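# Structural characterization, general
Okay, here's what each chain looks like letter by letter:
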Amino acid sequence: MPKEIFIENHGNLVHKGGKWLNNTSNSGSVVATLIASMAFASFSNIPGRFDNVGLPFLEHDRRFTVFPIASLIALCSSTTSLIMFLAILTSKHQEKYFHKELPNKLA
């Protein structure tokens, strides 16, 4: 009974909350897409120059091995956040989902 009363009296809050979630998810997905594209570009390109044989000058430098690992971590993290934002955008914005599902996806 209290749930139905809440739904009747606060339907406007559900509408506003759904709109806010969509706006937040849109902004977050744009940022995550930009970060993912930059991380992919930096992961797929080898930094530095090459010698005459075709081997990179920085091949034995520790930073040369740390750079692709950090880029891969950034790529995986931004792709995961992009998937989560898309899950929020495609989810239903109904009263029963505002209690646990949607806040957990946003966090």
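Residues numbered from 1 in each chain as written. Predicted model: local features only at pLDDT ≥ 70, side-chain atom pairs only at ≥ 80, totals over all residues. Heavy atoms only, no water.

Turning next to the overall build of the chain. Within the chain, the secondary structure is distributed over four helices and zero strands. When its helices and strands are written in sequence order, the chain yields α-α-α-α. Within the span of the chain, comprising 107 residues, buried residues form 20% of the whole. Contacts in the chain between residues far apart in sequence, at least 24 positions, make up 64% of those at least 6 positions apart. Carbon and sulfur atoms form 65% of the exposed surface of the chain, whose accessible area is close to 8,100 Å². (Helix = DSSP H or I, 4+ residues; strand = E, 2+ residues; numbered from the N terminus. Buried < 20%, exposed > 50% of the residue type's maximum accessible area, 1.4 Å probe, protein only. Contact = heavy atoms within 4.5 Å. Areas by Shrake-Rupley, 256 points an atom, 1.4 Å probe, with all protein chains shown as cover.)

Quick look at the side chain of Ser71 now. Take Ser71: it is sitting in helix H3 (residues 62-90). The buried category is assigned to Ser71, whose relative accessible area is 6%. Of the polar contacts made by the side chain of Ser71, one reaches the side chain of Ser42; its length is 3.2 Å. Setting aside chain neighbours within four positions, we find Ser71 in contact with Ala39, Ser42 and Phe43. (Polar contact = N/O pair within 3.5 Å; in protein donor to acceptor, adjacent residues only side chain to side chain.)

Turning our eyes to something else, we now look at the environment of Ile46. Relative to the elements of secondary structure, Ile46 occurs in the loop between helix H2 (11-44) and H3. Looking at Ile46, the relative accessible area reads 47%, which means it is partly exposed. Considering only alpha carbons, one finds Ile46 and Pro68, 22 residues apart in sequence, at a separation of 8.2 Å. Leave out the neighbours within four places in its chain, and Ile46 touches Pro56 and Phe64.

Another aspect to go through is the confidence of the model for the chain. Residues with a pLDDT of 70 or more make up 83% of the chain, whose mean pLDDT is 80. Ranking the helices and strands of the chain by mean pLDDT puts H3 first, with 87, and helix H4 (residues 101-106) last, with 64. (pLDDT = per-residue confidence, 0-100.)

Here we take up H3. End to end, H3 covers 43 Å across 29 residues, agreeing with the expected 42 Å (1.5 Å per residue, within 8%). Within H3, the full set of buried residues consists of Phe64, Ser71, Leu75, Ser78, Leu82, Phe85 and Ile88. (Expected span 1.5 Å × (residues − 1).)

Across the interface, H2 lies against H3 with an axial gap of 8 Å and an inter-helix angle of 155°. If you check the angle between H2 and H3, you find them roughly antiparallel. Here H2 runs over H3; the crossing is left-handed. Among the residues making up the contact of H2 with H3, the classes are represented as 16 nonpolar, 12 polar and no charged. (Axes fitted to C-alpha atoms, helices over the stretch in contact; angles between N-to-C directions. Parallel < 35°, antiparallel > 145°, perpendicular 65-115°, else oblique. Left-handed = near helix turned anticlockwise from the far one by under 90°. Nonpolar A, V, L, I, M, F, W, Y, C, P; charged D, E, K, R; others polar.)

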